[in-house]
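Descriptive structure summary
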Amino acid sequence: MYSVKKKKKKMKDITFSKNIYIFPMASSRKVFQVEGQKIKNIFIFNSKLAHPLASKKVEKEYKKLLNQLMDLLTSDDDTGESLREALNRIEKFRQEIKNKYRHFLKRQELEEMGKQLKLFQKEAQVRFIELQNAIYEQTLHQGKGK
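This report concerns the structure included in the present document. Source: prediction; values computed, not measured. (Residues numbered from 1 in each chain as written. Predicted model: local features only at pLDDT ≥ 70, side-chain atom pairs only at ≥ 80, totals over all residues. Heavy atoms only, no water.)

1. A look at helix α1 (residues 47-74)
Here α1 spans 38 Å end to end across 28 residues, near enough to the 40 Å set by a 1.5 Å rise per residue. Where α1 is concerned, the buried positions are Ala50, His51, Ala54, Ser55, Val58, Tyr62, Leu65, Leu66, Leu69, Leu72 and Leu73. Structurally, the start of α1 carries an N-cap: the backbone nitrogen of Lys48 is 2.9 Å from a side-chain oxygen of Asn46. (Helix = DSSP H or I, 4+ residues; strand = E, 2+ residues; numbered from the N terminus. Expected span 1.5 Å × (residues − 1). Buried < 20%, exposed > 50% of the residue type's maximum accessible area, 1.4 Å probe, protein only. Polar contact = N/O pair within 3.5 Å; in protein donor to acceptor, adjacent residues only side chain to side chain.)

Shown next as structure tokens:
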């Protein structure tokens, strides 16, 4: 199932074809213990083996993002800073998934997350535009009152 090699080889020295993607495993202590050996980095080359790990990691980040978005979209911010922050976080998450995890996730998972994120993004954009229009109208009325 696995083998432990003591030979040190840097990742930049290894050449890959364009069809091989690497999923680095994470550890809370940054060190894995395998047969009494301390291993700092484990890379998974097989997409089928990496799928459950990547899926779990992305799902955890996705739930965290949804909680943050709910807080940001329901906040009573008059300047629109929370809406701008929500839009930035959505775009950052989408880019991260696109660049890091798309090779390890199934298309259906990506589409479901994408649809829900589009809804949140659209809602934040609509609210932001409404807030900007309200601020603009308020400045126009203040200018006429002088």
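2. Describing the nonpolar core
Phe23, Val58, Leu69, Phe93, Tyr101, Leu105 and Leu117 are the most contacted members of the largest nonpolar core, which has 25 residues in total. In terms of residue count, α1 provides more of this core than any other element does, 9 residues in total. What Phe93 contacts, discounting residues up to four positions off in sequence, is Val58, Glu61, Tyr62, Leu65, Met113 and Leu117. (Core = buried A, V, L, I, M, F, W, Y, C linked by side-chain atoms within 4.5 Å. Contact = heavy atoms within 4.5 Å.)

3. Digging into the pattern of salt bridges
Following the criterion strictly, the structure yields 5 salt bridges and no others. Salt-bridge contacts for Arg84 lead to Glu81; the nearest nitrogen and oxygen are separated by 2.9 Å. Here Glu81 and Arg84 lie together in helix α2 (residues 81-101), a separation of 3 residues that amounts to about one turn. A residue is classified by how much of its surface remains accessible, and Arg84, at 34% relative accessible area, is partly exposed. Judged by relative accessible area, Glu81 falls into the partly exposed class, the value being 43%. Here Glu123 makes a salt bridge to Arg127, at a shortest N to O gap of 2.9 Å. Taken together, the residues span about one helical turn, with Glu123 and Arg127 both in helix α3 (residues 107-145) at a distance of 4 residues. According to the relative accessible area criterion, Arg127 is partly exposed, its value standing at 32%. (Salt bridge = Lys/Arg side-chain N within 4 Å of Asp/Glu carboxyl O.)

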